[in-house]
Each structure stands twice: as C-alpha cells, then as structure tokens.
Amino acid sequence: MLERTASMLRTRYYHVWTSTDMVGVETCVALKNLYALAVGCVGGLLAKAGKASNDAVMHNLSAAIFAQGLWETAYMVDFMGGRRRSVFTLPGAGDLYVTSMGGRNSRMGWHLGQGVPYSVAKREYMPDETIEGAQLAQAIGSTVEALTAQGVLDRAALPLMLKMIDIVCHDAPVEFPWDSFFAGNVRD
C-alpha cells in the first residue's frame, strides 16, 4: 500500500521515497530546525568579525555545525528507538541541508551570531514569525537539561543541542564548544 501510494505521487520532477521509520523520521524532522538555527549563527558571527559571507571559513564553520547536528541527531534517533538510516537520508541530512540554506531559522541564527540575545532578536526583528528551532529548544530545553543532569542522556554527545538550548532559553551568547564536537556515547 505504501509503495502504491508513493507511485501515484511520483512524476519526472517529483521523487518520492518511503519509510516506515516513524520515530526516526519525526526525530530528524524536529531536530533539523534546531541545528539549522545553529548553522545560521555562522553568518552572523562572521559578519560581526568583518569576514565576507562567501569566505571559505564560513563554509568550514557551517560544515562543522551541520555535521555535529547530524552526529547529535543520530544519537537522539538511537536513543528514541528509530533507525539511523533516516539520519543520513532525506529526513535527516536532506532536510537539514534545505532548512540550513535559508528561511526563518537561518535569519534568526544570523541575529544571534551578531550577538543579539534571543529574547531581543525575537522581539525586535522577528516578532510575528515562527522560529521552529527556537520553539523546539523552548519545548525540550528543560527536559534535555534534566535528562543530561541525571545521566539519562549523554551530555558529551549533545554539546551543540545544549548550547542552542542555552542560547534560546537563557539568552546565552553564541560561543560554540568546538572542542566538544564529535564526542560522547554515539554508536559508530
């Protein structure tokens, strides 16, 4: 039935792949907003430092944030009981790429990277816009903080998520924990 439905939607220019991994897909789709917000911070950080937005350093920093976001998404998909395949196909990598390339999360990230606290940036620059990455941080922030404090979630596996929660929920400055990336209890 799934394949039959997908075949009715396919055209020469519209491609449809199927998955039965509801947990993995839903986890990826939610987290991509948080990590796209982080990728968006890079442009603001570099503009604040006087670097050109097309400079190679932007791509390097964005790539590190993007890859860390996938690393942490894989950890959370494992934790939630989903399939890792979803992380490295369209629900994870594909959707994070598209969302990171522009839109509300990227624009808000730019303001954050400029040094504007989240509460101020939301109020002054994007008051009537939905920022999905920030809403996710607000929705899961206290739970993630509590679960990492209890040792249920591995704090070392989620440095970017925890930093983004701190930025959005506590108006912390954008200072990425680069040396903490790609660590923690993540299954290879």
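Keep in mind the model is a prediction, meaning the values are calculated, not measured.

1. Overview of the overall build of the protein chain
Turning to step 1, where the next piece is worked out: For the protein chain, the count of helices and strands is 8 helices and 0 strands.
Turning to step 2, where the next piece is worked out: From first element to last, N terminus to C terminus, the protein chain shows the α and β order α-α-α-α-α-α-α-α.
Turning to step 3, where the next piece is worked out: Here the C-alpha atoms of the protein chain give a radius of gyration of 17 Å, agreeing with the 16 Å that 2.2 N^0.38 yields for 188 residues.
Turning to step 4, where the next piece is worked out: Seen through its C-alpha atoms, the protein chain measures out along the principal axes to roughly 50 × 45 × 35 Å.
Turning to step 5, where the next piece is worked out: By residue count, 43% of the 188 residues in the protein chain fall in the buried class.
Turning to step 6, where the next piece is worked out: Within the protein chain, residue pairs in contact and separated by at least 24 positions form 69% of the contacts whose partners lie at least 6 positions apart.
Turning to step 7, where the next piece is worked out: By element, 57% of the accessible surface of the protein chain is carried by carbon and sulfur atoms, the whole surface being about 10000 Å².
Turning to step 8, where the next piece is worked out: The distance from the centre of the 16 positive side-chain charges to the centre of the 18 negative ones in the protein chain is 7 Å.

2. Considerations on the state of the cysteines
Covalent bonding between the sulfur atoms of two cysteines defines a disulfide.
Turning to step 1, where the next piece is worked out: Within the structure shown, the criterion is met by 0 disulfides.
Turning to step 2, where the next piece is worked out: In this structure C41 is a free cysteine whose sulfur lies 14 Å from that of C169, the closest cysteine sulfur available.
Turning to step 3, where the next piece is worked out: Using a relative accessible area of 33% as the deciding quantity, one classes C169 as partly exposed.

3. Here we look at the environment of A121
Turning to step 1, where the next piece is worked out: Looking at the secondary structure, you find A121 in helix α6 (residues 118–125).
Turning to step 2, where the next piece is worked out: Excluding its chain neighbours within four sequence positions, the residues that come into contact with A121 are M108, H111, V116 and M126.

4. Some details on the packing of aromatic side chains
Turning to step 1, where the next piece is worked out: Tallied over the full model, the rule gives 4 aromatic pairs.
Turning to step 2, where the next piece is worked out: Considering the side-chain rings of W178 and F181, the 5.3 Å spacing of their centres and the 55° angle between planes classify their relative orientation as tilted.
Turning to step 3, where the next piece is worked out: W178 gets classed as partly exposed once you look at its relative accessible area, which sits at 35%.
Turning to step 4, where the next piece is worked out: Since its relative accessible area comes to 9%, F181 is described here as buried.
Turning to step 5, where the next piece is worked out: Grouping aromatic residues by their ring pairs yields a cluster made of W71, F176, W178, F181 and F182.

5. Re the nonpolar core
General note: in soluble globular proteins, nonpolar side chains tend to be found buried as a group.
Turning to step 1, where the next piece is worked out: Membership of the largest hydrophobic core comes to 45 residues, with the highest contact counts inside it found for M161 and M164.
Turning to step 2, where the next piece is worked out: For this core, the elements supplying multiple residues, two or more each, are α2 (22–48), α3 (56–80), α5 (104–113), α6, α7 (132–149) and α8 (159–170).
Turning to step 3, where the next piece is worked out: Counting residues per element, this core draws most heavily on α2, at 11 residues.
Turning to step 4, where the next piece is worked out: Among all residues touching M161, those that are not within four sequence positions of it are L31, L34, Y35, E72, M76, I140 and V144.

6. Overview of the packing of α2 against helix α4 (residues 90–100)
Turning to step 1, where the next piece is worked out: Between α2 and α4, the least distance of the axes is 8 Å, while the angle of their chain directions is 35°. In terms of crossing hand, the pair formed by α2 and α4 is right-handed. Where α2 approaches α4, its residues V25, C28, V29, K32, N33, Y35, A36 and V39 are matched on the opposing element by P91, G92, D95, L96, T99 and S100.
Turning to step 2, where the next piece is worked out: Counted by class, the contact of α2 with α4 contains 8 nonpolar, 4 polar and 2 charged residues.

7. Describing the environment of D171
Turning to step 1, where the next piece is worked out: Residue position: D171 is located in the segment after α8.
Turning to step 2, where the next piece is worked out: Residues contacting D171, with those up to four places away along its chain left out, are P117, Y118, S119 and D166.
Turning to step 3, where the next piece is worked out: Within the structure, the side chain of D171 is placed 3.0 Å from the backbone nitrogen of Y118, a separation counted as a polar contact.

Parameters and conventions
Residues numbered from 1 in each chain as written. Predicted model: local features only at pLDDT ≥ 70, side-chain atom pairs only at ≥ 80, totals over all residues. Heavy atoms only, no water. Helix = DSSP H or I, 4+ residues; strand = E, 2+ residues; numbered from the N terminus. Rg over C-alpha atoms; globule rule 2.2 N^0.38 Å. Buried < 20%, exposed > 50% of the residue type's maximum accessible area, 1.4 Å probe, protein only. Contact = heavy atoms within 4.5 Å. Areas by Shrake-Rupley, 256 points an atom, 1.4 Å probe, with all protein chains shown as cover. Lys, Arg positive; Asp, Glu negative; His and termini not counted. Charge placed at Lys NZ, Arg CZ, Asp CG, Glu CD. Disulfide = S-S within 2.5 Å. Phe/Tyr/Trp six-rings, centres within 6.5 Å; stacked < 30°, edge-to-face > 60°. Core = buried A, V, L, I, M, F, W, Y, C linked by side-chain atoms within 4.5 Å. Axes fitted to C-alpha atoms, helices over the stretch in contact; angles between N-to-C directions. Left-handed = near helix turned anticlockwise from the far one by under 90°. Nonpolar A, V, L, I, M, F, W, Y, C, P; charged D, E, K, R; others polar. Polar contact = N/O pair within 3.5 Å; in protein donor to acceptor, adjacent residues only side chain to side chain.

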